[in-house]
Amino acid sequence: MDRERDESGKYTEQVTLDDVLSVFKQADLPVLTASEVAEELDISRPSAYNKLEELVEKGEIHKKKVGARAAVYIRMN
């Protein structure tokens, strides 16, 4: 699949932060894993993780570690 590029040659964004937030709004519970977000948006888990981490940095969602290598993401409002 060919992805579009902008004038500078960078790939254009396929999934926005708003797309990720909409997954939380549609979920039964506002607690999701990166894998769940990836599945819902049909993107890779690393891509979902990167978007989720960006939302954490912006204060849009919270991250809670639930194991040595596991975390959940929580939308509080």
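Quick notes on the rules
- Starting afresh in each chain, residues are numbered from 1 along the sequence in its written order.
- The predicted nature of this model means local features are confined to residues of pLDDT at least 70 and side-chain atom pairs, given and counted, to a pLDDT of 80 or more, with totals for whole chains, interfaces and linings taken over all residues.
- By convention in this description, side-chain values take in all heavy atoms of the structure and omit both hydrogens and water.
- Secondary structure follows DSSP: runs of H or I at least 4 residues long count as helices, runs of E at least 2 residues long count as strands, and numbering of each begins at the N terminus.
- Throughout this description, buried means an accessible area under 20% of the type-specific maximum (1.4 Å probe, protein chains only), exposed means over 50%, and partly exposed covers the range between.
- For the purpose of charge, His is not counted, nor are the chain termini; Lys and Arg are scored as positive and Asp and Glu as negative.
- Counted as salt bridges are all cases of a side-chain nitrogen of Lys or Arg within 4 Å of a carboxyl oxygen of Asp or Glu.
- Two strands pair if DSSP finds at least two bridges between them.
- Joining through side-chain atoms within 4.5 Å is the link that ties buried Ala, Val, Leu, Ile, Met, Phe, Trp, Tyr and Cys residues into a set, and such a set is a nonpolar core.
- To get an axis, a line is fitted to the C-alpha atoms, and for a helix only the part in contact is used. The angle between two axes follows their N-to-C directions and goes from 0 to 180 degrees.
- In this scheme, roughly parallel covers angles under 35 degrees and roughly antiparallel covers those over 145, while 65 to 115 is roughly perpendicular and the rest are oblique.
- Take the far helix as your reference; a near helix turned counterclockwise from it by less than a right angle gives a left-handed crossing, and one turned clockwise gives a right-handed crossing.
- Any two residues whose heavy atoms approach within 4.5 Å are treated as being in contact.
- Here the nonpolar group is Ala, Val, Leu, Ile, Met, Phe, Trp, Tyr, Cys and Pro; Asp, Glu, Lys and Arg are the charged ones; every other residue, Gly included, is treated as polar.

Student: How should I be thinking about the side chain of R75 in this particular structure?
Tutor: Relative to the helices and strands, R75 resides in the segment after β3 (71-74). Buried R75, no salt bridge; nearest opposite-charge side chain is E60, N-O distance 5.0 Å.

Student: Please clarify how the pairing of β3 should be interpreted in this entry.
Tutor: Where a strand is regular, its side chains alternate between the two sheet faces. Pairing geometry for strand β1 (residues 31-32) and β3, over two bridges, is antiparallel. Residue V31 lies in a different strand from β3, and its bridge partner there is I74. Pairing analysis gives four bridges linking strand β2 (residues 62-65) to β3, with the strands arranged antiparallel. Bridging from a neighbouring strand, K64 pairs with V72 of β3. Counting the residues that bridge the hairpin from β2 to β3 gives five residues.

Student: Where do I start with the nonpolar core in this structure?
Tutor: Generally speaking, nonpolar side chains in soluble globular proteins are found buried as a group. Core analysis: the largest hydrophobic core is formed by 15 residues, its most contacted members being V20, F24, V37, L52, L55, I61 and Y73. If you list the elements that add at least two residues to this core, you get α1 (17-26), α2 (34-41) and α3 (45-57).

Student: Would you take a moment to explain the packing of α2 against α3 for this structure?
Tutor: A pair of packed helices is characterised by two quantities: the angle between their axes and the separation of those axes. Running from N to C, α2 and α3 point in directions that differ by 110°, and their axes come no closer than 8 Å. The angle between α2 and α3 falls in the class roughly perpendicular. α2 and α3 meet at a crossing whose hand is right-handed. Of the residues in α3, those in contact with A34, S35, V37 and A38 of α2 are R45, A48, Y49 and L52. Its residues assigned to classes, the contact of α2 with α3 comprises six nonpolar, one polar and one charged.

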